[in-house]
Amino acid sequence: MCANETQIESLMQEERLFRPSRKDQMKAHVKSMKEYKAYYKESMEDPEGFWARRAEELITWNKKWRKVLRWDFNDPKIEWFIGGKLNVSYNCLDRHLENGRRNKAALIWQGEPEEDVKVYTYQMLHTEVCRFANVLKKLGVKKGDRVSIYLPMIPELPIAMLACARIGAPHSIVFAGFSASSLESRIQDCKAKVLITADAVLRSGRTIPLKPNADQALKNCPTVEKCVVVKRAGNEINMEEGRDLWWHELMADESIKDTCEPEIMDAEDMLFILYTSGSTGKPKGVIHTTGGYLTYAAHTTQWVFDLKDDDVYWCTADIGWITGHTYIVYGPLALGGTSLMFEGVPTWPAPDRFWKIVEKFKVNIFYTAPTVIRALMREGVEWTQKHDLSTLRILGSVGEPINPEAWMWYHENIGKGKLPIVDTWWQTETGGILIAPLPYATPLKPGSATLPLPGVDAAIVRSDGTPAKKNEGGYLVVKRPWPGMLRGVFGDPERFKKQYFDRFPGMYESGDGARRDEDGYFWIMGRLDDVINVSGHRLGTAEIESALVSHPSVAEAAVVGMPHPVKGQTIYAYVTLKAGLEESDDLRAELRNHVRKIIGPIASPEYIQFAVGLPKTRSGKIMRRILRKIVAGETEDFGDTSTLADPSVIEDLIKGNKELTGNK
Ligand code: 6R9
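Everything in this summary refers to the structure shown in the same document.

Conventions used here
Residues numbered from 1 in each chain as written. Predicted model: local features only at pLDDT ≥ 70, side-chain atom pairs only at ≥ 80, totals over all residues. Heavy atoms only, no water. Helix = DSSP H or I, 4+ residues; strand = E, 2+ residues; numbered from the N terminus. Rg over C-alpha atoms; globule rule 2.2 N^0.38 Å. Buried < 20%, exposed > 50% of the residue type's maximum accessible area, 1.4 Å probe, protein only. Contact = heavy atoms within 4.5 Å. Lys, Arg positive; Asp, Glu negative; His and termini not counted. Charge placed at Lys NZ, Arg CZ, Asp CG, Glu CD. Salt bridge = Lys/Arg side-chain N within 4 Å of Asp/Glu carboxyl O. Near = heavy atom within 4 Å. Polar contact = N/O pair within 3.5 Å; in protein donor to acceptor, adjacent residues only side chain to side chain. Nonpolar A, V, L, I, M, F, W, Y, C, P; charged D, E, K, R; others polar. Pairing = 2+ DSSP bridges. Disulfide = S-S within 2.5 Å. Axes fitted to C-alpha atoms, helices over the stretch in contact; angles between N-to-C directions. Right-handed = clockwise from strand over helix to strand, strands pointing away.

### Describing the overall build of the protein
Right, on to step 1. Looking only at helices and strands, one finds 20 helices and 30 strands in the protein.
Right, on to step 2. What you see for the protein is a C-alpha radius of gyration of 24 Å, in line with the 26 Å of a compact globule of 664 residues.
Right, on to step 3. Overall, the C-alpha framework of the protein stretches about 70 × 65 × 55 Å when taken along its three principal axes.
Right, on to step 4. When burial is assessed residue by residue, the protein has 63% of its 664 residues classed as buried.
Right, on to step 5. Long-range contacts, defined here as pairs at least 24 residues apart, represent 72% of the contacts in the protein between residues at least 6 apart.
Right, on to step 6. For the protein, the distance from the average position of its 86 positive side-chain charges to the average position of its 88 negative side-chain charges is 3 Å.

Here it is as structure tokens:
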């Protein structure tokens, strides 16, 4: 299943080095490498002191903690700020009403239609959140009840999140691109009491109905008592009597008050669950808690993006993913920042959509994904040259390794050769950024996420847990806890242990491979497990395989990531049909559609190769290494194939792949 370190090699040998400008450096939160090093040293020698100070500087506590940290990676159990009390929505809203930010823009929303713009000051957002918190209470939601949220990128999404946080109801956001059946399994897993959804999603000029998916999912979700529906597009939808309620009607109710006392939460009370793909079939419900997550979100937003009061900060992610949770909502709002939120896609109505928005709102900090950069690179520089991008001061990247070519394009065309790019490595599980440059301190190397942030004890180990040498590829692990780390997998403590703490006792296993160069810089090489990364979206190959084999024509399926110039990886499926069935393009289309329906459009395979047999070991395990090499066109050396039951299948597979893709 997993590669060993002899297969882990990085092709990136990047020598270019970029240093921050002096002027910006003087005003930065972390000003120099010297400062970074001092913080790092302190955080390793006295982690509790370091984090206690940050938690006090950044967060308002109703009651101070008794103890900063208790942890045991073998159990595993991690607790931060034990006994501390706080409320996340209070920290993101109320306290800014008193500290001079009452009339400051908290959220600037740019909808897909150009004229759809809304600006919420902290005061306005506070009122909306309080009102919706009162609505939730009226619907019977109490502290500890889970609320599933299946919404497009509209302001009601952060409002709903903060309202949940206000009353202590953990939210579970499901990306609106997921299918009815993905939504269903996530609702069932967390046993949500309420679902919040919308009539439709606006995307690339189209209206894509969303409510029918919710209707389909709710057929099998008996725990859901009420479904709140936001009117986004105004398309015709079904409203189920007694269950479905319009957001705008609930909010217009005169009995709903504009204020709502925040529920005082324990630092370790659950803030949210977010499902993410792992190496086995079922997505895991990653648990984040209140005190540690918020401290970490605020801390990393302040240091990595150097967020200041007069900045307009734009993270282009969807809030359905962790990046949107931490870096559109919780981090920037905890700091009292101005966060821009965008509905739509980078290439519609034209490939200058992003640059137009940067110019329109005078964006200062811009955080996006390599797949976006690569897609926009292809469209040519005329689109970037049309706009004034001079307000930008920091660029960020997240989701997958950024190849040096894309890095240089971003640096030259968006950063005009001057701006720092923070390549941020982290995961749903880590809650926030772990490895990244500090924009005015760290010299940059294109393609490297550079150095661990203070407090992050990251390392590379071999499969036996011993430290890897300089430049030797290995498993990326973290040797001690940080406040933003996950606290569990919802409903499955066994999986929590097995997935993250079993292979290397006493360490958190990230699932990524990496190497560290002579300067200590990290070069992330991607997943070592059966997780693929398509346009920065994490997908488990096992999930896609199980969707494929649930089709009546399919006997067996194996899915791998195929290198792709824009998406990073694209989905390639090998499918063995049941005996006697005809291979055809129609069947291919049907299988693609089937996966769309079961998981969602992002999981639909680009290539489906019909194969008579798959390369299996004598014990019946599919050797994915071989399948991966075939799709990458690396057919010279398959390594040790002596355990294969029938080595002759390989030739057929190579032939089939060439016919399908034109791989030379
Ligand atoms: C935040 C997020 C996590 C996986 C992670 C890794 C890949 C994310 C990266 C990166 C190289 C970066 N990844 N950032 N790889 N360089 N800067 O994306 O969370 O959706 O859970 O994905 O994404 O493989 O393990 P998530």
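Having seen the model, we can carry on.
### Section: the pattern of salt bridges
Right, on to step 1. Enumeration according to the criterion identifies 45 salt bridges in this entry.
Right, on to step 2. When the shortest N-O distance is used, the salt bridge between glutamate 57 and arginine 54 registers 2.7 Å. Taken together, the residues span about one helical turn, with glutamate 57 and arginine 54 both in helix 3 (residues 47-58) at a distance of three residues.
Right, on to step 3. Its relative accessible area of 3% is what places arginine 54 among the buried residues.
Right, on to step 4. For lysine 138, the salt bridge is made with aspartate 253, and the minimal N-O distance between the two is 2.6 Å. A residue pair is termed long-range when its members are at least 10 positions apart, and lysine 138 in helix 5 (residues 122-138) and aspartate 253 in the loop between helix 9 (247-252) and strand 13 (265-266) qualify at 115 residues.
Right, on to step 5. Take lysine 138: its relative accessible area is 51%, and that puts it in the exposed class.
Right, on to step 6. One network of salt bridges, in which partners are shared, links Glu42, Arg53, Arg54 and Glu57.

### Notes on the site of the ligand
Right, on to step 1. What surrounds the ligand is a group of 17 residues, the closest being Asp423, Thr424, Thr428, Asp512 and Arg538.
Right, on to step 2. Between an oxygen atom of the ligand and a side-chain N or O atom of arginine 527, the distance comes to 2.9 Å.
Right, on to step 3. Elements supplying a minimum of two residues to the shell around the ligand: helix 11 (322-334), strand 20 (421-424) and strand 25 (522-527).
Right, on to step 4. Class assignment of the residues belonging to the shell around the ligand gives a composition of six nonpolar, six polar and five charged.

### Notes on the side chain of threonine 197
Right, on to step 1. Checked against the element boundaries, threonine 197 lands in strand 8 (residues 194-198).
Right, on to step 2. A distance of 3.0 Å separates a polar atom in the side chain of threonine 197 from the backbone oxygen of tyrosine 150.
Right, on to step 3. The residues touching threonine 197, leaving out its near neighbours within four places in the chain, are Tyr150, Leu151, Leu210, Lys211, Ala214, Cys227, Val228, Val229 and Val230.

### Some words on unusual backbone geometry
Right, on to step 1. The omega torsion across aspartate 75 and proline 76 is -15°, close enough to zero to call that bond cis.
Right, on to step 2. Of note, proline 76 is situated in the loop between strand 1 (67-72) and strand 2 (77-82).
Right, on to step 3. Backbone torsion omega between tryptophan 348 and proline 349 reads 0°, so that peptide bond is classified as cis.
Right, on to step 4. Within the secondary structure, proline 349 is located in the loop between strand 17 (338-342) and helix 12 (353-361).
Right, on to step 5. With a phi angle near 65°, asparagine 471 is a residue other than glycine that sits in the positive phi range.
Right, on to step 6. Secondary-structure assignment places asparagine 471 in the loop between strand 21 (458-461) and strand 22 (474-478).
Right, on to step 7. Owing to a relative accessible area of 34%, asparagine 471 belongs among the partly exposed residues under this scheme.
Right, on to step 8. Located in the positive-phi region is serine 535, a residue other than glycine, with phi close to 50°.
Right, on to step 9. As for its position among the elements, serine 535 is in the loop between strand 26 (531-534) and strand 27 (537-540).

### Some points on the pairing of strand 15 (residues 284-289)
Right, on to step 1. Most of strand 15 is tucked away, with six of its six residues classed as buried.
Right, on to step 2. The alternating pattern of strand 15 places Lys284, Val286 and His288 and Gly285, Ile287 and Thr289 on opposite faces, both of which are buried.
Right, on to step 3. The sheet contact formed by strand 14 (residues 270-276) and strand 15 spans six bridges and is antiparallel. Within strand 15, the position partnered with methionine 270 by the bridge is threonine 289.

### Here we look at the state of the cysteines
Right, on to step 1. Applying the stated criterion to the full structure yields zero disulfides.
Right, on to step 2. Here cysteine 164 stays free of any disulfide, with the sulfur of cysteine 190 as its closest cysteine sulfur at 11 Å.
Right, on to step 3. Between cysteine 190, a free cysteine, and cysteine 221, which holds the nearest cysteine sulfur, the sulfur-to-sulfur gap is 9.1 Å.
Right, on to step 4. Take cysteine 190: its relative accessible area is 0%, and that puts it in the buried class.

### Remarks on the sheet that holds strand 24 (residues 508-516)
Right, on to step 1. Pairing within the open sheet is antiparallel, and its four strands lie in the order 21-22-24-25. Either end of the sheet is taken by a strand with one partner, and the two such strands are strand 21 and strand 25. Each strand of the sheet is rotated relative to its neighbour by a mean of 45°, with strand direction disregarded.
Right, on to step 2. As judged from the five bridges shared by strand 24 and strand 25, these two strands associate in the antiparallel manner. Among the inter-strand pairings, arginine 516 is bridged to a residue of strand 25, identified as phenylalanine 522.

### Overview of the pairing of strand 29 (residues 568-577)
Right, on to step 1. With respect to burial, strand 29 is a largely interior element, eight of its 10 residues being buried.
Right, on to step 2. Viewed along the sheet, the connection from strand 29 through helix 18 (residues 585-598) into strand 30 (residues 607-610) turns out right-handed.

Read these as geometric descriptors, not functional statements.
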